[in-house]
Amino acid sequence: MAEILGAVVGSITGHLLSLVSPEIGLARGVKVELQNLQSTVSAIAAMLREAEKRQVLAEGVKDWLKKLEDVLYDADDLLDDFSTQVLRRRSVVGGGNRILNEVGIFFSSSNQLVYANKMAHRVEDIRKRINAITNDRVHFHLEGNSNPIESLVENRVTRETYPYEPQPYVIGRDTDKKEVIEFLLNPDFEENVSVLPIVGFGGLGKTTLARLVFNNDSVKEYFELKLWVCVSTNFDVKDILGKIVRECIASLNMNELRNLLGEELDGKDDMMKMSRDQILEKVLAKLTNMDELQRKLGEVLDGKKFLLVLDDVWNENRREWLNLEWFLQNGAKGSKILVTTRSPLVARTMTGRSHKLSGLAEDESFSLLMRMAMKQEHEWRNENLESIAKEILKKCAGVPLAITTIGRLLLFSRNTEEDWLKFKNNDLSRINQEEGDIMPSLKLSYNFLPSRLKRCFSYCSLFPKDCKLEKRELIHLWMAQGYIKPLSNRQTIEEVGQDYFMELLSRSFFQDVEEDLYGSIVSCKMHDLMHDLAQSVAGNDCITIDSSNVKTFPEGTRHVSIAAAGDYEWNGRVRSMLFIHGKLEIENGHLDVSGFTNLRALRLRSAKVKKISRSIGKLKHLRSLDLSFNYGLRYLPNSISKLCNLETLSLRECLRLKRLPRGITKLVNLRQLILSGCGSLTHMPRGIEKLTSLQTLDVFAVGGKWYNLNAARLNELSRLTGLRIKELTIQGLDRVGSTSSEVDASFSIKNFPLQSLKLDWSFGDSEEVLERLRPHPDLKVLSINLYGGARLSSWVSQLHRLVQIEIIYCNNCSHLPPLDHLPFLKKVSLRKSSLECIELWESTGQEDKESGMPQPNNNFFPSLEEIELRDLPKFRGWERRTNTRIEREEDDHSSSSSSSSSSSSSSSLLMLHTFSDKVNVSIEYCPGFSYAHGQNLRQMGFTVTSTKLAEQLLRDASLSQDPTPVLTVAPIPPSRGKMTVSSKSLSTLTYILFSGIEDAEDLPVELFRSLPSLEALVISECRRLKALPVRAILRYLPSLEMLEISECKDLDLSMDEDSHDGVGEGMNNLQLQGMTSQGKLRGYPQLDFSGESGNQRGMPNLQSGEPTKLRELRFYEIDKMKTLPWWMQHLTNLEELSILDCSNLKALPEWFPNLTSLKQLRVIGCGKELPRRCREITGEDWPKISHIQKVDVRN
């Protein structure tokens, strides 16, 4: 509590410093009272700092702090009221110091004395309340000590560990033990003494692991000297050296001790009569300074190969570590130091290597819990404890100390099913625990945090467990509560918040981070145990209300998250109200928040808010307002302009938001305006440039003169010189008109340190505008949408740090400037445009003999990982560029129209240059894109759209120099009309799509012979397809994981019993959609499409018992299917089966129970009869599916 009150005191102090400054010009009586309050608060701050330092408080002091908390919050609210009025007065001062009527009447001369008198009395009342509470401390005495903090705060006890404590319940650490021992016994290190930190948060078993290796027989034999020192929180080099020397001397035998004592003493004592402990104490008594310690340490370590364990290290000061390490360099080569620490930052101060300890596996956790609770297998099975135990273990998340804590507590309860259910239904933070259990252990990590981080961490308890925490949102919420305090003007408050976040992450309070394309962390999660800790230390200050909680706020609650709708007894003192994503809907879509006047943060994501009440202007303390993902919200009330303290306004993905209120330009403290995904936004309000505090603006919607007189022009964007943005979308660029008339000569966005830029037009001339939008040269992502120019600006080719480029709906742009030379470009996406070609930066001058295409050198797209070409009807490929001149053959241009039309019928395969094998290629509907034979064929993926194309593919595959013709494709979820490929060889092809082949009744068997690595085959909208070569597919595609067949109306999957021999091994995912019926394939006499001819040896036989790897099977829209195919019964590894829109399927076959591995069954849209037969208990087919864990059968 002391650290939380410290934040409030800091806010009060900030207000007081501002209000008593000469610029405010307050009446003398008010200023005197404020100065008196300032003195009182300073004294309180000193006591709170002392209370926090002592950590553990007696109940009397806790009650005293609770009373103090209420009055301090009231004082902060009062001073924030006053500061707000001062801010409003400043914001409405016009030319000539004219006070506008809106707020000025409050400060007018006629009311000045009245207001000053009222203000002075309110401040005086607050000060008297504080004094009365602080005076109460005289009632708290302890053995004559009159200092309430000194007397009632217990000193933190430092934990001491020892190397030889018994370890009866160690499970799941064999691999960790092996890896650490391998390090210890490895002699191949350059340095004499090597260091390995074992890192993990409290309770994972770092000390236990260190003990295991310390006492290992191989380790004992390898090292001449083994030492164990518990360091804990006090990293004092002299003290640590003293412990090391004590350990060294204690390891000596009696003769060695007497010899050592003879050197140290004057011979007057009778050494022969002294005990070992007496001799040891005599020796150590002489080692009183660093010089003596250093000398003695050098003697005992000199030339010896030693192992030193430093347990429980918290030091983050590298200089201190180097100081200690210097004293330990006398050992022989191969000496090791093993460190246990909770903090990766501590590990990094020592060395670049570490061993990260993770939680136990589920089965290991279960075994440990049952062993600790002393439950034998027959007991936990008979008592129905298995499922309860697994739910309990989810809370423990594999942390051994948490598991042993619960096991011990269960053992000392009645240990019945009822007791186990109580543990299942309670968080660990709510269970009483002893010193050494998991919560006290984790609390030590919290105690060691600086005050500034303690309040930030406890605030995170408002988010549910396993919730993804957005770094940016956390920082904005911490800002709103005043938790972030920059120490200087060299950093923005956001940058300091970033430092706070990273420090909590480095101390393992956060985990599971996600990064964006630029390598920046965007989100993280909290371990469940850390969440329990956050709830524990937050107490009633931060609570979450959901369906399991009462719907009232405990007294003293200041921050609330709500995860369930209902009528609540609102507490007017609440400062944070966070509605959890997707858990609440505002009734009738109308939000009225007038009752929450003390709110600093309001989060209403995905609450289906359609309208905001004008009363929101009453939330004068509000700093953060998040209305993201309210898709029906169209407008904000202009009363929002009264929120002069507002720092963050997030409207992300408010898809229908039309405009921002004109008064938003009055929000002089606004720092974050987040508008990403607001695609309907018509313009920014004129005067947006007045928001000089703005740090983040991710969308700028341009208004034109003809469009709206109240709309901001593009010029205003460049005048927001304080912006520190990474991502920017500029919408409505078609409204710019003539840049000479609407954009100043000084206009530029190059000064913004952008990493991502998206430019959106609708129509109109664009080239001049695009040229003026040259971004910062370090740009990493560029997206251009609906651009109307004929060519892109040359600066696109000069973005040498570009990682991703996207060109969409650019129907006038026929050429792209060179991109293949950009060294960091990883992704190229070209969609729905009239693009004809992409220029090549350079050519080697060599051409492929078969295709005539230039062969690029090794610098051709050196970093490319993914390329997408979609809906490019005119695209023909890359053009050669030599010395800035494009070389094009005349007949290419003259025949482009005819070739494109013919290519669509004769060949839709797409030629790509020879990319590396790591490149994923996605190509869809590019009919004019030709292809190459031989080697180049191996480098493409494709959509097959005609029978001629299939034949041509086979012919070209046979021409390949590789004995196995090739073409590769990376697996993606089934998707009609789409395909993703990776540039490997046809023998390594993993995905292929046959789509929209209108002239095929059969598919070529030979093609499948060439695809041994195929994992995904999609056959879609082949309306004349009458038969499927199932036997060939199952025979020749041993790696097949997915077969999808959809909307093939004439296809029938029925197979004769004579055709049983034909399912290939390794089928993981078979999808059959929209089929209709013959077992034979008809079509091309020159090809074997049937699978009946040729060598049948090696054809796997389902009846032989050979298992397949098929895991997932789907049937979609198979109108003629009246029963499931017989061969399904042998898919013994099948786990998921989906049957959709098969209207003639009336029942399940008798063999259906043979699918013993089936875990999920979905039958949807197959009429009324099948759902009736599958009805639980009463349905005729229910016994066939009762073994399946998840069943969803409905019409």
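Scroll up for the structure.
All values reported here derive from a predicted model rather than from experimental measurement.

A. Spotlight on the sheet that holds strand β8 (residues 469-470). In space, the three strands of this open sheet follow the order β8-β10-β9, with antiparallel pairing throughout. The outermost strands of the open sheet, each flanked by one partner alone, are β8 and β9 (511-515). As paired strands, β9 and strand β10 (residues 521-525) are joined by three bridges and run antiparallel to one another. Bridge pairing links Q511 to K525 in β10. Contacting β9 and β10, helix α24 (residues 493-506) runs over the sheet at an angle of about 45° to β10.

B. Structural detail: the sheet that holds strand β19 (residues 672-674). Strand order in this open sheet of eight strands is β11-β12-β13-β15-β17-β18-β19-β20, and the pairing throughout is parallel. At either margin of the open sheet sits one strand with a lone partner, and together these are β11 (542-545) and β20 (696-697). Both strand β15 (residues 601-604) and strand β17 (residues 624-626) contribute to a ladder of three bridges, which runs parallel. Residue pairing for β17: R603 is matched across the bridge by D626.

C. Representation of the packing of helix α16 (residues 362-372) against helix α18 (residues 386-396). Interhelical geometry of α16 versus α18 gives an angle of 110° and a closest axis separation of 10 Å. When the axes of α16 and α18 are compared, the pair comes out roughly perpendicular. In contact with E362, S365, F366, L369 and M370 of α16, α18 contributes E386, A389, K390 and L393. When grouped by side-chain class, the residues that make up the contact of α16 with α18 number five nonpolar, one polar and three charged.

D. Main features of the packing of aromatic side chains. A full pass over the atoms with the stated rule returns 11 aromatic pairs. Measuring from ring centre to ring centre gives 5.5 Å for F214 and W228, while their planes differ by 85°; the resulting arrangement is edge-to-face. Of this pair, F214 sits in helix α8 (residues 206-214) while W228 sits in strand β4 (residues 225-232), placing them 14 residues apart in sequence. With relative accessibility at 4%, the residue W228 sits in the buried group. Ring geometry for W761 and Y787: centres 5.2 Å apart, planes at 65°, overall edge-to-face. Of this pair, W761 sits in the loop between β23 (756-760) and α28 (767-772) while Y787 sits in the loop between β24 (781-785) and β25 (804-808), and the two are 26 residues apart along the sequence. Pairwise contacts between aromatic rings join Y446, F457 and F509 into one cluster. A cation over a ring is seen here: K305 above Y222, with NZ or CZ 4.0 Å from the ring centre. Here K454 stacks its cationic end above the ring of Y446, 5.6 Å away from the centre of that ring.

Parameters at a glance
Residues numbered from 1 in each chain as written. Predicted model: local features only at pLDDT ≥ 70, side-chain atom pairs only at ≥ 80, totals over all residues. Heavy atoms only, no water. Pairing = 2+ DSSP bridges. Helix = DSSP H or I, 4+ residues; strand = E, 2+ residues; numbered from the N terminus. Contact = heavy atoms within 4.5 Å. Axes fitted to C-alpha atoms, helices over the stretch in contact; angles between N-to-C directions. Parallel < 35°, antiparallel > 145°, perpendicular 65-115°, else oblique. Nonpolar A, V, L, I, M, F, W, Y, C, P; charged D, E, K, R; others polar. Phe/Tyr/Trp six-rings, centres within 6.5 Å; stacked < 30°, edge-to-face > 60°. Buried < 20%, exposed > 50% of the residue type's maximum accessible area, 1.4 Å probe, protein only. Lys NZ or Arg CZ within 6 Å of the ring centre and 35° of its normal.

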